[in-house]
Amino acid sequence: MTQQGPPKWGRKVSRRDFLKLMAAAGTIVTFIPFIDWGKFLPNPTGKVSAKAKVELPDGSQANVKTFPVNHSESVIYPKTNDPVLNKESFRLWQFIRLPTELGGNANDVSAFRMYSMVCLHLWCLWKYWPDPGRKRGECPCHGSMYDPLTGKAFAGPASLQSPPSNVLPRLDLEIDTDGNVWILPPNWSPNGNGVVGFGRFLGGASQV
Amino acid sequence: MSATVQDENGLVAFFRWVYAGIDRTIFMGLKFTFPGRFVSPLGFLGMLTFVVFIILGITGALLMLWYEPELDRAWDSVQNINNTIPFGFHIRNIHYHASNAMVMLALLHLYYQYFSGRYKIRNEIIWVTGVIIGVLTILEAFTGYDIIFSERAELAISIAASLTNSIPILGPQMRDAFFGGGFHDFVLRFYAFHVFFLPIALLGLMVVHFPRFLVFDVPMVMAITGAIMITGGVFPVDLGTKFVPTSPPGITVPEWYLTGLYAFLRTQYDKFITGVAWPGLLIFTLMIMPFIDRYRKFSWKDRPLVTAIGITSIAQIMVTTYWGFYIDPNIQKSLLERLVIDPIFFYSVMLLLVPLSFGFTYMMITLAKNSEASAKLQPKKPAAKSSINIPVNWIYVVFVALLAFQIYLNIAAYYAVLNGMKNFSLFIVGIIMLVFAGMFHIYRHGKAMAKAPPPPPPAKPIGPPAGAKPLPTAPRSGPATPPTTPAKPLSPPPTQKSTSASATQTSTGPASSAVPGSSPTDRSE
């Protein structure tokens, strides 16, 4: 064996090399369980795997029969038992029933929208203005405006940001036989329901 | 303490014993030099940065006693520190201005090492760790002003989070993992980063970064401390406005060391490219510079390309930093027009700076070489030494006068606190620090004079260390020497005085390497 090369098949592995291999494998196996411990880092309250009620500020669940057309409420989602956390901007959502001209009269899920209230520009809280001539989401801070139909910013600084930072995160809704509105488990990614404070790609996978 | 009976000076013996015990520790690997006369601070900017880091650690630890990293209490607790807690204003201002000073000193340190060529040839590890330390320093300062949770802090947090989100594929997960799920998590975690993760990483890296030769110049350290306090007194840092997500904030810009990055973001280009890729490229380029710089020589004059790259970077940093600050004052225009920077204009200016900087470098090098050549034609003058030549008696007079001045200042600072003039008292305390720096300088000057033989010897190889250029034979005399004895070696004072001296020092390699154990690269930090 004058030439050094890769060990050929069938060549005997020396005892020393074998030991080294075992030690390396043992080290890796020892530390493998800690990979999963990385789940310590993200906040688990953001993960919701079940349907949640659209709980209006008065404590009742939003219902398609009672919720007025061209109207909005802010909803806490995911709701916790901690009042400080519930005040958090990142948990505030605008629950909108669209105006008539945008299909708000429909008695199904297409009449409703639910967008994160955190403005994509600098994280102020925008809200929906139902006044005639407005009928749009407006941010009080720098005047970003959002289309209630899609959640896309059409004016102001947020509209200039490159995608996905120009479309609001959106929650998917469902209406049961009693007319109660439910929030489906979200997929927090720019291609899914979006990332609060960052945005969403329009036409992502989970959009209705 | 009833320790030793036969030794009447038991305390001194104890200190000697402690000092001898340090022999077994890692500190003996470091060579501390306390300069015996004025030395240009350019050579030990790193040590000054470290001292400011320690100041930040002390003031920061004190602030931790009152600060509350909670979403709805953070700003109020800072307000409490600033307005209610006695001397909270002082501590907070020192902490804030020291953070700026640390970033500034680190930058100066970086560029001095770069232009003087000390960063290469066996100093690569020190350089690379230094660049990482610099980045962490900026992150440390950044997380610090974020946790006040003022409007400016909120701007910074939102930028940090959206930049992390913009990282391809794993961005949102990384944001979730490191920053958490909302404002509450952000404040708490930035606090954790600020007070533990980043400082501990900084300390660990500093262990690697420290060279074995360190200069601790008491007057300069005190002067820097005083300057920080005086800046705090003259420009006390404001609280900013508490961030309320439903009310329009005033126009804020980030801290000065991040406005350059902010200018890129204001072009509204893709966040990842402008906010992550560009700065990453800058940091990466900085890191590999010593490996690119293949010049055999050290002086900036002999490394035209490297010098030109350095000048270009300075020019671009200055222009982008200013541009990030600049917001069109014309309030007739919409906010958007005022805030958004035209990317084509912006990037073409940055490109234009490259040939300008190269031309400027070429001009400087030509001028320097010309003046060097003309200096050689003239008869050699003895190096102009701007030492203070006051008679010994007058040193005592000056000393007493300074002491009296300090007493007066102490009283003034006390009354200023009583009258609620917080920034004035901080200012006065800064002056006290400066006076102390002057006093220490006079002290070591007087000490050197006392030790100097009456007739100035021309060049004695083995003389008292007070002379200008004796060899430092004493450092090897053993660790048992207590640091306060006059026999403690004083480093051979580097003769550089002005900014051009950096070049002369490095270019006159043989001259300075005649002094054993102190080649130009040794005396850094």
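Residues numbered from 1 in each chain as written. Chains lettered and ligands numbered in written order. Predicted model: local features only at pLDDT ≥ 70, side-chain atom pairs only at ≥ 80, totals over all residues.

> Explain the overall build of chain B to me, using residue names and the numbers behind them.
Within chain B, the regular secondary structure consists of 18 helices and 2 strands. In chain B, which comprises 525 residues, the share counted as buried stands at 36%. (Helix = DSSP H or I, 4+ residues; strand = E, 2+ residues; numbered from the N terminus. Buried ≥ 20, exposed ≤ 12 C-beta atoms within 10 Å, placed from the backbone.)

> Tell me what's going on with the overall build of chain A, and back it up with residues and numbers.
Helix and strand counts for chain A stand at 4 helices and 10 strands. When the helices and strands of chain A are listed from N to C terminus, the series reads α-α-β-β-α-β-β-β-β-β-β-α-β-β. Here chain A has a C-alpha radius of gyration of 25 Å; the compact-globule value for 208 residues is 17 Å, and the former is much larger. Across its three principal axes, chain A shows a C-alpha extent of roughly 90 × 40 × 30 Å. Across the 208 residues of chain A, 35% fall into the buried class. Of the contacts made within chain A by residues no fewer than 6 positions apart, 49% connect residues no fewer than 24 positions apart. (Rg over C-alpha atoms; globule rule 2.2 N^0.38 Å. Contact = placed C-beta atoms within 7 Å.)

> Which residues make up the interface of chain B and chain A, and what values do they have?
In this complex, chain B contributes 30 residues to the contact, which on the side of chain A involves 32 residues. Mapped onto the side of chain B that touches chain A, the elements with two or more residues apiece are helix H6 (151–165), helix H7 (171–179), helix H8 (183–209) and helix H13 (335–339) of chain B. Per-element tally for the side of chain B that touches chain A: the top contributor is H6(B), with 6 residues. Residue composition of the side of chain B that touches chain A, by class: 14 nonpolar, 10 polar and 6 charged. (Nonpolar A, V, L, I, M, F, W, Y, C, P; charged D, E, K, R; others polar.)

> I'd like a description of the pairing of strand E4 (residues 112–116) of chain A, backed by residues and values.
Residues and elements named next belong to chain A. Counting buried residues along E4, 5 of its 5 residues qualify, which places the element largely inside the surrounding structure. Residues of E4 alternate between two faces, with Phe112, Met114 and Ser116 on one and Arg113 and Tyr115 on the opposite face, all of them buried. Bridge count for strand E3 (residues 92–97) against E4 is 5 bridges, and the pairing is antiparallel. Bridge pairing in E4 places Gln94 opposite Tyr115. (Pairing = 2+ DSSP bridges.)

> Go over the sheet that holds E3(A) with me, naming the residues and quoting the values.
All names here are of chain A. On the basis of which strands lie adjacent, the open sheet formed by 3 strands has the order E2-E3-E4 and antiparallel pairing. Here the strands that pair on one side only, and so sit at the sheet edges, are strand E2 (71–76) and E4. Across this sheet, the average inter-strand angle for adjacent strands is 25°, counted without regard to direction. (Axes fitted to C-alpha atoms, helices over the stretch in contact; angles between N-to-C directions.)

> So what's going on with the sheet that holds strand E6 (residues 136–138) of chain A? Which residues, and what values?
Residues and elements named next belong to chain A. Strands sit in the order E5-E6-E7-E8 across an open sheet of 4 strands; the sheet is antiparallel. With partners counted over all chains shown, the strands left at the sheet margins are strand E5 (127–129) and strand E8 (153–155), one partner each. Bridge count for E6 against strand E7 (residues 145–146) is 2 bridges, and the pairing is antiparallel. Paired with Gly137 across the strands is Tyr146, a residue of E7.

> Describe the environment of B:Thr259, naming the residues involved and giving the relevant values.
Residue and element names in this part refer to chain B. Looking at the element boundaries, Thr259 is found in helix H10 (residues 259–265). Taking the C-beta count within 10 Å as the criterion, Thr259 has 18 such neighbours and is therefore assigned partly exposed. For Thr259 and Thr320, which are 61 residues apart along the polypeptide, the C-alpha to C-alpha distance reads 7.2 Å. Ignoring anything within four residues of it in the chain, the contact list for Thr259 reads Val253, Pro254, Thr321, Gly324 and Phe325.

> Let's hear about the packing of helix H9 (residues 218–234) of chain B against helix H16 (residues 422–451) of chain B: which residues, and what values?
All names here are of chain B. At their nearest, the axes of H9 and H16 sit 7 Å apart, and the two run at 165° to each other. When the interaxial angle is binned, H9 and H16 end up roughly antiparallel. Crossing of H9 against H16: the hand is left-handed. Classifying every residue of the contact of H9 with H16 gives 18 nonpolar, 7 polar and no charged. (Parallel < 35°, antiparallel > 145°, perpendicular 65-115°, else oblique. Left-handed = near helix turned anticlockwise from the far one by under 90°.)

> Explain the environment of B:Thr366 residue by residue, including any values.
Relative to the helices and strands, B:Thr366 resides in helix H14 (residues 343–377). Separated by 65 residues in the primary sequence, B:Thr366 and B:Lys301 place their C-alpha atoms 8.5 Å from one another.

> I'd like a description of the domain arrangement of chain B, backed by residues and values.
Where interface size is quoted, it is often the accessible area lost as the parts come together. Residues and elements named next belong to chain B. Its domain assignment divides chain B into domain 1 (37–244) and domain 2 (391–442). Placing a centre on the C-alpha atoms of domain 1 and another on those of domain 2 gives a separation of 29 Å. Taken together, the 17 residues of domain 1 in the interface contact 14 residues of domain 2. Contributions of two or more residues to the side of domain 1 that touches domain 2 are made by helix H4 (88–115) and H9. Among the elements that line the side of domain 1 that touches domain 2, the one with the most residues is H9, at 12 residues. Tallied by class, the residues present in the side of domain 1 that touches domain 2 amount to 11 nonpolar, 6 polar and no charged. (Domains from an automatic or database assignment.)

> Lay out the environment of A:Trp126 in plain terms, naming residues and giving numbers.
All names here are of chain A. Within the fold, Trp126 resides in the loop between E4 and E5. Judged by the 29 C-beta atoms lying within 10 Å of it, Trp126 falls in the buried class. With 26 residues separating them along the chain, Trp126 and Lys152 place their C-alpha atoms 13 Å apart.

> Break down the packing of helix H2 (residues 45–64) of chain B against H9(B) for me, citing the residues and quoting the values.
Residue and element names in this part refer to chain B. At a minimum axis distance of 10 Å, the contact between H2 and H9 shows a crossing angle of 50°. With respect to each other, H2 and H9 are oriented oblique. Regarding H2 and H9, the two cross each other, and that crossing is right-handed. Residue-level inspection shows Leu48, Val51, Val52 and Ile55 of H2 in contact with H9, the latter providing Met220, Val221, Ile224 and Thr225. Of the residues assigned to the contact of H2 with H9, the class counts are 7 nonpolar, 1 polar and no charged.

> Please give an account of H14(B) that cites residues and values.
Residues and elements named next belong to chain B. The first and last C-alpha atoms of H14 sit 51 Å apart over 35 residues, in line with the 51 Å expected at 1.5 Å per residue. Taking burial as the measure, the 35 residues of H14 include 3 buried ones, a minor fraction of the element. If you check which residues of H14 are buried, you get Leu353, Ser357 and Thr361. If you follow the buried residues of H14, they end up packed against helix H12 (304–325). (Expected span 1.5 Å × (residues − 1).)

> Please provide a residue-by-residue account of the nonpolar core, values included.
If you look at the biggest cluster of nonpolar residues, it comprises 126 residues, and the most contacted ones within it are A:Trp93, A:Cys119, B:Leu48, B:Val52, B:Met102, B:Val187 and B:Ile224. Looking at which domains feed residues into this core, each of domain 1 (37–244) and domain 2 (391–442) of chain B supplies at least three. Apart from residues lying up to four places away in sequence, B:Met102 is in contact with B:Thr49, B:Val52, B:Phe53, B:Leu56 and B:Thr137. (Core = buried A, V, L, I, M, F, W, Y, C linked by C-beta atoms within 7 Å.)

> Outline H16(B), listing residues and values.
All names here are of chain B. Between the first and last C-alpha of H16 there are 43 Å, a value that for 30 residues agrees with the 44 Å anticipated at 1.5 Å per step. The set of residues buried in H16 consists of Lys422, Ser425, Leu426, Phe427, Ile428, Val429, Gly430, Ile432, Met433, Ala437 and Arg444. Where H16 is buried, its residues touch H4, H9 and helix H15 (392–418).

> How would you summarise the confidence of the model for chain B if you had to cite specific residues and measurements?
Residue and element names in this part refer to chain B. The predicted model of chain B has a mean per-residue pLDDT of 80, with 82% of residues at 70 or higher. Mean pLDDT in chain B bottoms out at helix H18 (residues 509–513), which sits at 37, and peaks at H2, which reaches 94. Per-residue pLDDT stays below 50 along residues 463–525; that stretch engages in 104 contacts with residues further than four places along the chain or on separate chains. In the model output, the complex is listed with pTM 0.80 alongside ipTM 0.83. (pLDDT = per-residue confidence, 0-100.)

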